[in-house]
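As a plain string of letters, each chain reads:
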Amino acid sequence: MITSIVLIKTSVDQIPEIAEQIAALAGVSEVYSVTGAYDLIAMVRVANHDELADVIPGRISKVPGVASTETHIAFRTYSQHDLEAAFSIGLDA
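Note that the coordinates shown come from a computational prediction; the quantities given were computed from them, not determined experimentally.

Counting its regular elements, the protein chain contains three helices and four strands. Ordered by position from N to C terminus, the α and β elements of the protein chain give β-α-β-β-α-β-α. Considering the protein chain as a whole, with its 93 residues, one finds that 29% of them fall into the buried category. Sequence separation of at least 24 residues holds for 64% of the intrachain contacts in the protein chain that already meet a minimum separation of 6.

Structure follows, in structure tokens:
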């Protein structure tokens with residue numbers, strides 16, 4: 001499974017509608033509206049790299065109102081449990 005984080009700039013007056021359209025696309029597992037330089041973040045999970053091209057430039061970028069995207073491919077996933085364990089190292093005395 002390949003996980004990509006897609007940062008999306010949109011027309012701000014249409015964020016909810018654009019987010020719903022993106023969330024409905026195959027390969028998109030969730031969409032978040034966020035603060036900062038980008039308006040939405042989409043999590044894309046696909047079986048292979050070829051599918052990334054189908055989902056991101058092929059579908060997400062073509063949703064009306066999407067101005068631009070920036071994609072980050074995840075190398076590893078760390079669960080919340082793993083993060084809590086890492087931050088607590090040495091704190092048990």
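That shown, we press on.
Counting across every chain of the model gives zero aromatic pairs. In this structure, K9 packs its charged tip against the face of Y38, placed 5.3 Å from the ring centre.

Glancing now at the nonpolar core. Formed by 20 residues in total, the largest nonpolar core has its most connected members in I8, I22, V28, L40, A42, V44 and I60. Going through the elements one at a time, β1 (2–10), α1 (15–23), β2 (28–33), β3 (40–46) and α2 (49–55) are the ones with two or more residues in this core. Residues contacting I60, with those up to four places away along its chain left out, are I8, I22, L25, V28, A42, V44, V55, V66 and T69.

Before going further, it helps to examine the sheet that holds strand β4 (residues 66–73). Within the open sheet, the four strands sit side by side as β2-β3-β1-β4. Their pairing is antiparallel. Unpaired on one side and paired on the other, β2 and β4 mark the two borders of the sheet. Geometrically, the sheet is characterised by an average inter-axis angle of 20° between neighbouring strands, direction not taken into account. Sheet topology note: the β2/β3 ladder contains five bridges and is antiparallel. Looking at β3, one finds that V28 is bridged to V44. Helix-sheet contacts for α1 involve β1, β2, β3 and β4, and the interaxial angle to β2 is about 165°.

Rules used in this analysis
- Residues numbered from 1 in each chain as written.
- Predicted model: local features only at pLDDT ≥ 70, side-chain atom pairs only at ≥ 80, totals over all residues.
- Heavy atoms only, no water.
- Helix = DSSP H or I, 4+ residues; strand = E, 2+ residues; numbered from the N terminus.
- Buried < 20%, exposed > 50% of the residue type's maximum accessible area, 1.4 Å probe, protein only.
- Contact = heavy atoms within 4.5 Å.
- Phe/Tyr/Trp six-rings, centres within 6.5 Å; stacked < 30°, edge-to-face > 60°.
- Lys NZ or Arg CZ within 6 Å of the ring centre and 35° of its normal.
- Core = buried A, V, L, I, M, F, W, Y, C linked by side-chain atoms within 4.5 Å.
- Pairing = 2+ DSSP bridges.
- Axes fitted to C-alpha atoms, helices over the stretch in contact; angles between N-to-C directions.

By themselves, these observations are geometric and do not establish any function.
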